[in-house]
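Each chain, written out:
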Amino acid sequence: MGTIYNTTLPTLLDQPSKPRGKITLIECRGGSDKNADGHRGDTIPICNAIIKLGWQCKPIFYCDKDYKMVEKEILSSQGYICRVNPGTYEGVTQSKLNTLLNEAVRKGIKGMSSPESMKKMGAKDALVRIRNLRCGLRDTNAYYTLKELEEGFSRSMAGGNMRVLKQNRGSQGEGIWVCSLKEGQIKKVKNGSCPPDTVLCLQEAVDNHKEEKTLAEFTKFCNKYLEGDEGQLVDQRFLPRIKEGEVRALMIGDNPIELIHKKPACGGISATLKSGAEYVRYAPTDQKFALLMEYFKEDLPKLMNALDIGEELPLIWTVDFIPGPKKGGHDTFLVGEFNCSCVGITKQLDLASLVGKTAITICSGGQALIGSEKHY
């Protein structure tokens, strides 16, 4: 997708003459998420929302040659909002930008969100960190080496239940495999492990295609997901009700803004639009998901410690839930994924005021509006 042209682009308001504080919003030039003015569609509305509350806020573009200038702006602020989508930008070394932003947080600047927090929350092993929370799945394991994968996955498959193996990188269901023993293969299990010649039935979520491999062939194939600094695989029990769809919660701080039920195409397991899934939107107060929201709000104060992301929840983030087993006739839901990496509100610009208020609350020493006025 190329540049998005819009004839009614918002303009930045004048900064307050006596600002109560300062928040810097960071972007990079280029990318398919920019309007004709060079900014993301939600950048100026977020800045203006903060300005209206008496704080200084302006967007700046990072590039390596302007490192010192950007650093000076950030360190003279109470906090920064990072609006840099993962990708490649001319004149930008991602590791340098990450170092700048993480160092600012270590110096007391509030990062919304810092690269370190994005990495911890977005990595698949976040599911291991939350496995003891109400929203987590207890039998969740992470593998970082081929040896760990071979030994751990052979044990988890020996139980005879369907499992899901998820790579850390990728999107749209790529590298997410639903795994089961082929009929009759359970007889091969010895001493709580599957031998290497055990035949697995596999389905990849990216396009719902199916194939068969031996355990040895599959673990060797999956070694590519373990390569590199962020290589890892997470192994979880398969939740069969995934066929009913995932529920994505859009969050601003600890405020649930919207629930989106993503129902896979008939016979599929993937909830991506690319695979033909249907999306239906609900208010977070909808009774259909009352128990989900009740339980998740109980877990919210525990998430920061579990994920080791500091004292505040992210500014704008999403969490995907998978329906679990029914208990007492009621649905249960378990987290399948978090994302706080430049989640956009371009199509929901009315939320900019809440984003601005939440950012100021974070920078003023609050905890992302926990216990304060709610949006819903």
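Now for a quick tour of the structure. (Residues numbered from 1 in each chain as written. Predicted model: local features only at pLDDT ≥ 70, side-chain atom pairs only at ≥ 80, totals over all residues. Heavy atoms only, no water.)

## Here we look at the side chain of Q203
What counts, and what does not: For the purposes of this entry, the term helix denotes a DSSP run of H or I that reaches at least four residues, the term strand denotes a run of E that reaches at least two, and both are numbered from the N terminus. Each residue is assigned to one of three classes by its accessible area relative to the maximum for its type, calculated with a 1.4 Å probe on protein chains only: buried under 20%, partly exposed between the two thresholds, exposed over 50%. Polar contacts here mean pairs of N or O atoms no more than 3.5 Å apart (in protein, one a potential hydrogen donor and the other a potential acceptor; neighbouring residues in sequence count only if both atoms are side-chain atoms).
Its place among the elements puts Q203 in strand β8 (residues 199–204). On the accessibility criterion, Q203 (12% relative accessible area) is buried. Side-chain polar atoms of Q203 contact the backbone oxygen of N208, separated by 3.2 Å.

## Re the nonpolar core
Which entries qualify depends on this criterion: By nonpolar core we mean a set of buried residues, namely Ala, Val, Leu, Ile, Met, Phe, Trp, Tyr and Cys, connected to one another through side-chain atoms within 4.5 Å. Note on contacts: a residue pair is in contact if any heavy atoms of the two residues lie within 4.5 Å.
In this structure, I74, I130, F296, L303, W317, F321 and F338 are the most contacted members of the largest nonpolar core, which totals 48 residues. The element contributing the most residues to this core is helix α8 (residues 290–307), with 8 residues. F296 has contacts with C135, M251, L303, W317, V319 and F321, leaving out every residue within four places of it along the chain. With 26 residues, the next largest nonpolar core counts C47, A352, L354 and V355 among its residues.

## Considering the sheet that holds strand β13 (residues 278–282)
As a general point, the strands of a sheet are linked pairwise by backbone hydrogen bonds and lie either parallel or antiparallel. We count it as follows: The pairing criterion for strands is at least two bridges between them, as found by DSSP. To get an axis, fit a line to the C-alpha atoms, keeping to the stretch in contact for a helix; angles then go from 0 to 180 degrees between the N-to-C directions.
Spatially, the 5 strands line up as an open sheet ordered β13-β12-β11-β14-β15, and their pairing is antiparallel. Here the strands that pair on one side only, and so sit at the sheet edges, are β13 and β15 (333–339). Here the strands of the sheet are splayed against their neighbours by 25° on average, with no regard to which way each runs. For strand β12 (residues 255–263) and β13, the ladder comprises 5 bridges, and the chain directions are antiparallel. Bridging from a neighbouring strand, I260 pairs with R281 of β13.

## Remarks on the packing of helix α1 (residues 43–52) against helix α9 (residues 352–363)
Under the convention used in this document: Geometric relationships in this document are graded by angle, where less than 35 degrees denotes roughly parallel, more than 145 denotes roughly antiparallel, 65 to 115 denotes roughly perpendicular, and other angles denote oblique. Crossing handedness: left-handed means the near helix sits turned counterclockwise from the far one by under a right angle, and right-handed means the same turn made clockwise. Residues are grouped as follows: nonpolar covers Ala, Val, Leu, Ile, Met, Phe, Trp, Tyr, Cys and Pro; charged covers Asp, Glu, Lys and Arg; every other residue, Gly included, is treated as polar.
Direction vectors running N to C along α1 and α9 enclose 55°, while the axes themselves pass 8 Å from each other. As summarised for this structure, α1 and α9 are arranged oblique, according to the angle between their axes. As for the relative orientation of α1 and α9, their crossing is right-handed in sense. Taking contact as the criterion, the partners of P45, I46, A49 and I50 in α1 are, on α9, A352, S353, V355, G356, A359 and I360. Of the residues belonging to the contact of α1 with α9, the class tally is 8 nonpolar, 2 polar and no charged.

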